[in-house]
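Given next are the chains, with one letter for each unit.
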Amino acid sequence: MATDAYKAAGVNVEAGYESVRLIKDDVKRTAIEGVLGGIGGFGGLFEIGKGYENPVLVSGTDGVGTKLKIAFLMDKHDTIGQDCVAMCVNDVACSGAKPIFFLDYLAVGKNVPERIAEIVKGVADGCVKAGCALVGGETAEMPGFYPEDEYDLAGFSVGIVEKSKITDGDKAKAGDKLIGIASSGIHSNGYSLVRKLFDLNGDNAKANLNEYSDKLGMKVGEALLTPTRIYVKPLLKLIDEVGINTVSHITGGGFVENVPRMLPDGLKAVIKRGTWDILPIFDVLQEKGSIPEMDMYNTFNMGIGMIVAVDADKADKAVKVLEEAGEKAYIIGELTEGEKGVEII
């Protein structure tokens, strides 16, 4: 009777059970050494290995933001989970930490098990790319709070690093070269502006998303849903084989807000335009909105998802290591003495 009453209120407990059944295999494929037990308990268990003298835990939490609106309109939900993972684990890796586990929080207007499975598949894909385990999560059915076809997705990741190896910018110095690692597209920031530029808030939203763009070489919606790149493994490889002095994840606020976060007082980053390939999506956005160039750098990643500073004599090797790891990388500038900030020339 209680279950029937709850169902009448809009919450389908049986659909919740079916969702758990459908996601079990995806959760299992994220398992790494240290995972204890499986999903279904009240807490996710993870055992820290013994190879650390002074281990430090590094945590990060984030959501996908209004990029979700694109997924709703396209009715495509299998990549948005990777965005959620990426936004968390890339931040964790900026401290030199290896993400070890991830949890997600999914709030839905209506529990459609097949859609839940698509979303969690994307989360699992992201965890595999990051080398971390999906140890738990929460799916909350909230009728009347969210429309039936909409949801919100957020996540939380924990990583681990030896205290002596934390990347906090204290090794950064004038003369360091800046290496930019290519993004896959817009990633997960700036979508409130994106939706305005492509007129995705009105009756023609779906038609606009399904319009083929010659400049993009695909439908607009496909370009906008390109999942955020996960930099964990290449970045950790770079740290091990070359060493880095400081690093920044280029997220909301673009270059202008994020690059200064990697710098100690007395240093500024000088970034040279034209040293990397700006992706077509950014040209399209700038053209549609007649957006001043510096505003673009203050909003979007402009084709660079991560920036690291390395010793000048290691810059070429750093690019080579990143390329061997499957990334496009460019020497895009250097650190100089000056007021903390970023100069784009």
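Use the structure listed above.
Residues numbered from 1 in each chain as written. Predicted model: local features only at pLDDT ≥ 70, side-chain atom pairs only at ≥ 80, totals over all residues. Heavy atoms only, no water.

Tell me what's going on with the pairing of strand E11 (residues 267-271), and back it up with residues and numbers.
The element E11 is extensively covered by neighbouring structure, given that four of its five residues are classed as buried. One ladder, built from five bridges, connects E11 with strand E13 (residues 329-337); its direction is antiparallel. Considered in E13, the bridge of Val 270 is made with Glu 334. Where E11 and strand E14 (residues 341-344) come together, four bridges link them in parallel fashion. Across the sheet, residue Ala 269 finds its bridge partner in E14, namely Val 342. (Buried < 20%, exposed > 50% of the residue type's maximum accessible area, 1.4 Å probe, protein only. Helix = DSSP H or I, 4+ residues; strand = E, 2+ residues; numbered from the N terminus. Pairing = 2+ DSSP bridges.)

Describe the pattern of salt bridges, with residues and values.
Across all of its chains, the model carries 17 salt bridges by this definition. The partner of Asp 149 in a salt bridge is Arg 115, with the nearest N and O atoms 3.8 Å apart. Within this pair, whereas Asp 149 is found in the loop between strand E5 (133-141) and strand E6 (151-162), its partner Arg 115 is found in helix H5 (residues 113-130), the two being separated by 34 residues in sequence. Using a relative accessible area of 11% as the deciding quantity, one classes Arg 115 as buried. Close ionic contact of Asp 176 with Lys 173 constitutes a salt bridge, the shortest N to O distance being 2.9 Å. Of the residues examined, Asp 176 reaches a relative accessible area of 1% and is grouped as buried. Each member of the salt-bridge network shares a partner with another, and the members are Asp 26, Arg 29, Lys 121 and Asp 125. (Salt bridge = Lys/Arg side-chain N within 4 Å of Asp/Glu carboxyl O.)

Go over the packing of helix H4 (residues 80-93) against H5 with me, naming the residues and quoting the values.
Their axes nearest at 6 Å, the elements H4 and H5 cross at an angle of 40°. By the angle between their directions, the pair H4 and H5 is classed as oblique. Viewed along their axes, H4 and H5 form a crossing whose handedness is right-handed. For the pair H4 and H5, contact is made by Ile 80, Gly 81, Gln 82, Val 85 and Val 89 and by Ile 119, Gly 122, Val 123, Gly 126, Cys 127, Lys 129 and Ala 130, respectively. Taken together, the residues that form the contact of H4 with H5 break down as seven nonpolar, four polar and one charged. (Axes fitted to C-alpha atoms, helices over the stretch in contact; angles between N-to-C directions. Parallel < 35°, antiparallel > 145°, perpendicular 65-115°, else oblique. Left-handed = near helix turned anticlockwise from the far one by under 90°. Contact = heavy atoms within 4.5 Å. Nonpolar A, V, L, I, M, F, W, Y, C, P; charged D, E, K, R; others polar.)

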